[in-house]
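One letter stands for each residue in the lines below.
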Amino acid sequence: MSRIGQCFVDLKANGRKALIPFVTAGDPNPCVTVPLLHAMVEAGADLLELGVPFSDPMAEGPVIQKACERALMHNTSLRDVLAMVKTFRQTNNKTPIILMGYMNPVEAMGYQTFAQAALESGVDGLLTVDMPPEEAGDLLAALAEASIDPIFLLAPTTVDERIAKICADTSGFVYYVSLKGVTGAVNLDVAAVAHKVKQIRRHTDLPIGVGFGIRDAETAQRVAAVADAVVVGSAVVSRVAENADQPEKINESVCSLLRGMRAAMDA
Amino acid sequence: MSKANLPDTNGHFGPYGGRFCAETLMEPLDELLAAYERLKHDASFQAEYDKDLADYVGRPSPLYLAERWTERLGGAKVYLKREDLNHTGAHKINNTIGQALLAKHLGKTRIIAETGAGQHGVASATVAARLGLECVVYMGAEDVKRQALNVYRMKLLGAEVVSVTSGSRTLKDALNEAMRDWVTNIDNTFYIIGTVAGPHPYPMLVRDFQTVIGREAKRQILAAEGRLPDALVACVGGGSNAIGLFYPFIDDETVAIYGVEGGGDGVDTPRHAAPLCAGRPGVLHGNRTYLVEDDNGQIIETHSVSAGLDYPGVGPEHAWLKDSGRANYVAATDTEALQAFHDLTRIEGIMPALESSHALAHATKLAPQMGKDKIIIVNLSGRGDKDIHTVAGLEGITV
Ligand SMILES: Cc1ncc(COP(=O)(O)O)c(C=O)c1O
């Protein structure tokens, strides 16, 4: 079983929901990222989403756009991100890591090359915002060969027929985008999320993660009550941004947010 | 086999095109496709579109034989397809009229658009004013500075112009921001994309609305000369004016096709906007196509003297026409384009847009190599009034 699959089995056995923080690799500089990943695990993260910086992050709100810009000032490339994962794995062989980003850096590297390098580095899943399953035939084949879980998004506008199709191509967990909008939006409607998660549940046994709009312990708790995992992006990245000039303070700032969420989710 | 039967049902032109975008947009894009497929064959929709083109845009646009310029070049006869004479001064309105009608039929009350030079923004604001729709235009902060006149024009027309400060603050970033707006306001908003880019069905439907250029040109050249031209030349930013001219001639194998990209300082320098000449395939803004990017797949800032060509991607059908060998893609530098701008203005009394000047620049190379019995059609995609400030600035003149 994949690291992601095993992680959800263990969580379920303990009656817990997964907390998945997102950070952009290389933000605000490349030295920060690996220690931050370890610190987030200490603070209660079950899986990690590591953003691959991209010049044109179309699905991101201002917070993660700026994170990409900071990371790209240091030219953080997909190869650099894979190297960070490899370093992380030297002392953590358990916590799953999902790369999240856009297709073009993967296109530029080539699917086969990417999948093999990702496997070697210890990456567990790939989520690219702008790659729907319809276009993903060759990518899926390359990922399967490297045992990397392809994670696709579901949205409020996704109809039943597509939900079934997308879930069939997904492994690890499915990611429900909780609202119509970009990352960091504030119009989260938990009742609507609960309703949609039930609809998705009819089509799949995969764990269902929910992201976009979860920003504090309270929203994390409410979403965790209706889903298997909560993904926290902009709220975490905001803490990184606030401390970009004093990077030694980033870990504590991020971790205090995560500890609060963890406690609320486990209560 | 016909090369004019694409895209396939999933929006692919060979390996290019497709639909690479956020999941939230997939269903709305299917709705748009279904509505378009229905309306395309709906006689009353077509009649409405044709009537708008005739009475509001002023079509057909003339096909003008540039006699003095032809004589000067000393080779093939050069005809100009006068899209500069359209209402709002460029070919962009052919597309915005069509998409605004689609928006109306889909019951959308708000339209958004991205713009670089401001021509597509103006054309969108214009149709929004006419249909009484709310209109928001996204424009890179750099372009807002470069194109102050068009910004004010859009405001006069009632549009809100949003200055985009993310990324490189140019057209590609305006497109990103428009996508973000669209995904947020999908229920009431129609996104009028300004060129043959974006996710399927946009490259197809923008092309279809622009093919009026090529259909008219074919009819007009047959009437004037009794035969097809030997070559077509058009500038390529995203590629909408070019595909509009080329498409109806694609199966006429005797007609050579030239798309001219923004060469900037030269395609062998880092400062250009020529993905087909000097880029490689990748995925951006909803489709797979040629891109100007670095080795890590990050999109590079482009450069062209003409804001309308200053874009790192290109419509996927052009990528396919390049690979299949049916069309040739070349570049004209800033300097060559500016020379053509001045030449046409002084020799024919027609001031071309800087975008169109790139096509003219290539025609000046092509015509002398062809016999006097040969015929070239150049797409004069827009008029140059909007560029007077840029040209004056480059010559150190304040107007
Ligand atoms: C006059 C004119 N020609 C050409 C273009 C380039 O666009 P496309 O390649 O889609 O025709 C523009 C874009 O702003 C324009 O204003």
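Just above, that's the structure.
Reading guide: rules and limits
Residues numbered from 1 in each chain as written. Chains lettered and ligands numbered in written order. Predicted model: local features only at pLDDT ≥ 70, side-chain atom pairs only at ≥ 80, totals over all residues. Heavy atoms only, no water. Helix = DSSP H or I, 4+ residues; strand = E, 2+ residues; numbered from the N terminus. Rg over C-alpha atoms; globule rule 2.2 N^0.38 Å. Buried < 20%, exposed > 50% of the residue type's maximum accessible area, 1.4 Å probe, protein only. Contact = heavy atoms within 4.5 Å. Areas by Shrake-Rupley, 256 points an atom, 1.4 Å probe, with all protein chains shown as cover. Pairing = 2+ DSSP bridges. Axes fitted to C-alpha atoms, helices over the stretch in contact; angles between N-to-C directions. Buried area = accessible area lost by both parts, 1.4 Å probe. Salt bridge = Lys/Arg side-chain N within 4 Å of Asp/Glu carboxyl O. Polar contact = N/O pair within 3.5 Å; in protein donor to acceptor, adjacent residues only side chain to side chain. Nonpolar A, V, L, I, M, F, W, Y, C, P; charged D, E, K, R; others polar. Parallel < 35°, antiparallel > 145°, perpendicular 65-115°, else oblique. Left-handed = near helix turned anticlockwise from the far one by under 90°. Near = heavy atom within 4 Å. Core = buried A, V, L, I, M, F, W, Y, C linked by side-chain atoms within 4.5 Å.

Draft legend 1. Region of interest: the overall build of chain B. On a plain count of helices and strands, chain B comes out with 16 helices and 14 strands. For chain B, the C-alpha radius of gyration of 19 Å lies close to 21 Å, the compact-globule estimate for 399 residues. Projected onto its principal axes, the C-alpha coordinates of chain B cover approximately 55 × 50 × 45 Å. Relative to its full complement of 399 residues, chain B shows a buried share of 65%. At a minimum sequence separation of 6, the contacts of chain B that also span at least 24 residues come to 73%. Counting only carbon and sulfur atoms, one obtains 51% of the accessible surface of chain B, whose full area is about 13500 Å².

Draft legend 2. Looking closely at the sheet that holds strand β2 (residues 48-51) of chain A. Residues and elements named next belong to chain A. If you trace the nine strands from one edge of the open sheet to the other, you get β5-β4-β3-β2-β1-β9-β8-β7-β6, paired in parallel fashion. Strands with a single pairing partner mark the edges of an open sheet, and in this sheet they are β5 (149-150) and β6 (153-154). Relative to β5, strand β4 (residues 125-128) is paired through two bridges, and the arrangement is parallel. Counted as the bridge partner of G125 is D149 from β5. On top of the sheet, helix α4 (residues 78-89) reaches β2 and β3 (97-101); it is set at about 165° to β3, its chief contact.

Draft legend 3. Highlighting the interface of chain A and chain B. Taken together, the contact between chain A and chain B spans 35 residues of the former and 37 residues of the latter. In this assembly, chain A packs against chain B so that about 2800 Å² is buried in total across both faces, 49% of it on carbon and sulfur atoms. The interface formed by chain A and chain B holds four salt bridges in total. Between K172 of chain B and D56 of chain A there is a salt bridge whose closest N-O contact spans 2.9 Å. The interface formed by chain A and chain B contains 21 residue pairs in polar contact (both at pLDDT 80 or more). Broken down by secondary-structure element, the contributors of at least two residues to the side of chain A that touches chain B are α3 (62-73), α5 (103-109), β6 and α8 (160-169) of chain A. If one sorts the elements of the side of chain A that touches chain B by residue count, α5 of chain A sits on top with five residues. Taken together, the residues of the side of chain A that touches chain B break down into 18 nonpolar, eight polar and nine charged.

Draft legend 4. Focus on the packing of α3 of chain A against helix α11 (residues 234-242) of chain A. All names here are of chain A. Where α3 contacts α11, the axes come no closer than 9 Å and their chain directions differ by 50°. Taken together, α3 and α11 sit at an angle that is classed as oblique. Of the two possible hands of crossing, α3 and α11 adopt the one that is left-handed. Taken together, the residues of α11 that come into contact with α3 (itself represented by V63, I64, A67 and R70) are S234, V237, S238 and A241. Across the contact of α3 with α11, the residue classes tally to five nonpolar, two polar and one charged.

Draft legend 5. Representation of the site of the ligand within the structure. Residues and elements named next belong to chain B. Neighbouring the ligand are 18 residues; T195, G237, G239, S240 and S381 lie closest to it. For the ligand, an oxygen atom lies 3.1 Å from a polar atom in the side chain of K92. Contacts to the ligand include T195, whose side-chain N or O atom sits 2.6 Å from an oxygen atom. Contact with the protein chains covers 97% of the free accessible surface of the ligand, which is 390 Å². Listed by contribution, the elements that provide at least two residues to the shell around the ligand are β9 (231-236) and α11 (240-246). The residue makeup of the shell around the ligand, split by class, is five nonpolar, eleven polar and two charged.

Draft legend 6. Looking closely at the pattern of salt bridges. All names here are of chain A. Within the structure shown, the criterion is met by 44 salt bridges over all chains. Of the charged contacts, one joins K165 and E134 as a salt bridge, the two residues approaching to 3.8 Å between their closest N and O atoms. Placement of K165 in helix α8 and of E134 in the loop between β4 and α7 (137-145) is noted, with a sequence separation of 31 residues between them. Residue classification places E134 among the partly exposed positions, given a relative accessible area of 37%.

Draft legend 7. Looking closely at the side chain of E107 of chain A. Mapped onto the elements, E107 of chain A comes out in helix α5. Setting aside anything within four residues of it in sequence, one finds E107 of chain A in contact with M131 of chain A together with V283 and R288 of chain B.

Draft legend 8. Quick peek at the nonpolar core. Formed by 90 residues in total, the largest nonpolar core has its most connected members in L102, I111, Y191 and L245 of chain B. With residues near it in sequence (within four places) discarded, L245 of chain B still touches I213, G214, A217, L232, V233, A234, I377 and N379 of chain B. V123, A136, A146 and V197 of chain A belong to the second-largest nonpolar core, a separate cluster that totals 73 residues.

Purely geometric numbers; function is a separate question.
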